[in-house]
Amino acid sequence: MKQTLNIQRRHGWKATAAALATSLMLASCQTVQTTQAGAVGIDRKQTMAVSAASMEQSANKQYGQLMAEAEKKGKLNADTAQYARVKGIADKLIRQTTAFRPDALNWKWEVNVLSAPEVNAWCMPGGKIAVYSGLIDKLKITDDELAAVMGHEIAHALREHSRERASEQAVAGIGITILATVAGVGQIGQKGMEYAYQGLLGLPNSRAHETEADRMGVELAARAGYDPRAAISLWQKMGEAGGSEPPKFMSTHPPRADRVRDLTAYSERVMPLYQQAKLK
Ligand SMILES: [Zn+2]
């Protein structure tokens, strides 16, 4: 007992600081529901410590820079027919995002095709889409498969998976960062942006995020009138592409053993939506 008291006295300030940090951290972490469940029933709640605004700010900046760079090199939407094809499919998918979150229609969506050999595509927070010509050419991709890959990427954005990852990193960084965030210290802007930046691209998605994006992706495609079963052939092609050097896409979207089984089940589930969309 005496020993405990001594320890408490000696480490009292640390314990108090830790308790304070924890309570502030809890206050700063928000539990949110980014999307409605849809037909595929995604209802996992998410914990966020980084604001949506800081993610979007980072995304806008990074996207703007990347696109300006590509334009300077003549690699932005260089093939007009290819661009029209991608844009047409993206627009149809974007119209269906209301099934998951009505506010997404107000996002400042952008769609661009980059002339680059990489098999890659992504959608940054707030709806900034890039499709690499390598994805289209190397996979000899069909419209339904393009809808599958873009549907998957759009789903990551709707679910704010990048923000969730950036939040995990921010929380793991703890201590001064979190305290400063909560205290609203100006400097945190910098650090917070860094976490947001890291979370935007380049990190592998977790298994849970991949599953959600797969399931929501097939629903978006089906609602937009694209055969949701194309997601299966897309991932098979993706797995076969590149031989010993797997596509860049595979490093940020780690393959899962049960993907084909899950996609088969969920594309079946959304087939009625596809059939309805085809009638329109
Ligand atoms: Zn993914």
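These figures come from a predicted structure and were not determined experimentally.

Participant: Would you mind going over the pattern of salt bridges in detail, with residue names and values included?
Facilitator: According to the stated counting rule, one finds 16 salt bridges in the structure shown. One salt bridge in this structure joins D262 and R215, with 2.7 Å as the shortest N-O distance. Within this pair, whereas D262 is found in helix α12 (residues 259-269), its partner R215 is found in helix α9 (residues 207-223), the two being separated by 47 residues in sequence. Put simply, R44, R159, E164 and E212 are held in one network by salt bridges that share partners.

Participant: Describe the packing of aromatic side chains, listing the residues and the values that go with them.
Facilitator: The tally for this structure, following the rule as stated, stands at 4 aromatic pairs. A ring pair is formed by W235 and F249, whose centres lie 5.6 Å apart and whose planes are at 45 degrees; its orientation type is tilted. A residue pair is termed long-range when its members are at least 10 positions apart, and W235 in helix α10 (residues 230-240) and F249 in helix α11 (residues 248-252) qualify at 14 residues. For W235, a relative accessible area of 9% gives the class buried. Overall, the relative accessible area of 0% leaves F249 in the buried class. Aromatic ring contacts, followed pair by pair, group Y63, W122 and Y132 into a single cluster. Positioned above the aromatic ring of W235, the side-chain terminus of R259 is 3.6 Å from the ring centre.

Participant: Describe the coordination of the zinc ion, and please don't skip the residues or the numbers.
Facilitator: The expected angle between donors at a tetrahedral four-coordinate metal is 109.5 degrees. At an octahedral six-coordinate metal it is 90 or 180 degrees. Within the protein, the zinc ion binds to H152 (NE2), H156 (NE2), E210 (OE) and H253 (NE2); these donor distances fall in the range 2.0 to 2.8 Å. Relative to the metal, the 4 donor atoms surrounding the zinc ion lie at angles of 93 to 128 degrees, and the coordination shape comes out tetrahedral. Positions of the donor residues of the zinc ion along the chain correspond to the pattern H-x3-H-x53-E-x42-H. Within this pair, whereas H156 is found in helix α5 (residues 143-158), its partner E210 is found in helix α9, the two being separated by 54 residues in sequence.

Participant: Please set out empty space enclosed by the protein residue by residue, giving values where relevant.
Facilitator: A complete count under the given rule lists 1 cavity of 30 Å³ or more for this structure. The volume enclosed by the largest cavity comes to roughly 40 Å³. A148, H152, A213, D214, G217, V218, A231, W235 and L263 together form the lining of the largest cavity. Per element, the largest residue contribution to the lining of the largest cavity is 4 residues, and it comes from α9.

Participant: Go over unusual backbone geometry with me, naming the residues and quoting the values.
Facilitator: Unusually for a residue other than glycine, N77 sits at a positive phi of about 50 degrees. Mapped onto the fold, N77 is located in the loop between α2 (52-72) and α3 (80-95). Positive phi values are uncommon outside glycine, yet E160 reaches one of about 55 degrees. In this fold, E160 is placed in the loop between α5 and α6 (161-173).

Participant: Mind laying out the nonpolar core, listing which residues take part and the relevant values?
Facilitator: In this structure, L135, L146 and M150 are the most contacted members of the largest nonpolar core, which totals 54 residues. Sort the elements by how many residues they give to this core and α5 lands first, with 9 residues. In this structure, A59, Y63, W122 and M124 belong to the second largest nonpolar core, which totals 11 residues.

Participant: How would you explain the pairing of strand β5 (residues 128-132) if you had to name every residue and give the values?
Facilitator: The buried fraction of β5 amounts to 5 of the 5 residues, a majority that puts the element mostly inside the structure. As defined by bridge partners, strand β3 (residues 110-114) adjoins β5 across 5 bridges and the pair is classed as parallel. The partner of V113 across the bridge, within β5, is V131. Pairing of strand β4 (residues 121-124) with β5, which is carried by 4 bridges, proceeds in the antiparallel orientation. Pairing of A121 across the sheet is with V131, part of β5.

Participant: Describe the sheet that holds β4, naming the residues involved and giving the relevant values.
Facilitator: Strand order in the open sheet made by the 3 strands is β3-β5-β4, with mixed pairing throughout. Taken across any chain shown, the strands that pair with only one partner, and hence form the sheet edges, are β3 and β4. On average, each strand axis in the sheet is inclined to that of its neighbour by 15 degrees, with strand direction left out of account. Here α2 sits on the sheet in contact with β3, β4 and β5, set at roughly 140 degrees to β4. Here α3 sits on the sheet in contact with β3 and β5, set at roughly 150 degrees to β3.

Procedures and definitions
Residues numbered from 1 in each chain as written. Predicted model: local features only at pLDDT ≥ 70, side-chain atom pairs only at ≥ 80, totals over all residues. Heavy atoms only, no water. Salt bridge = Lys/Arg side-chain N within 4 Å of Asp/Glu carboxyl O. Helix = DSSP H or I, 4+ residues; strand = E, 2+ residues; numbered from the N terminus. Phe/Tyr/Trp six-rings, centres within 6.5 Å; stacked < 30°, edge-to-face > 60°. Buried < 20%, exposed > 50% of the residue type's maximum accessible area, 1.4 Å probe, protein only. Lys NZ or Arg CZ within 6 Å of the ring centre and 35° of its normal. Donors = N, O, S within 2.8 Å, 3.2 Å for Na, K, Ca; no water. Tetrahedral: all angles 85-135°; square planar, octahedral: opposite > 155°, others 65-115°. 1 Å grid on protein atoms, 1.4 Å probe; cavity = no way out; pocket = protein on both sides within 12 Å on 5 of 7 lines; lining within 4 Å. Points joined across faces, edges and corners; volume = space filled by probe spheres on them. Core = buried A, V, L, I, M, F, W, Y, C linked by side-chain atoms within 4.5 Å. Pairing = 2+ DSSP bridges. Axes fitted to C-alpha atoms, helices over the stretch in contact; angles between N-to-C directions. Contact = heavy atoms within 4.5 Å.

Keep in mind that these numbers describe shape and distance, not what the molecule does.
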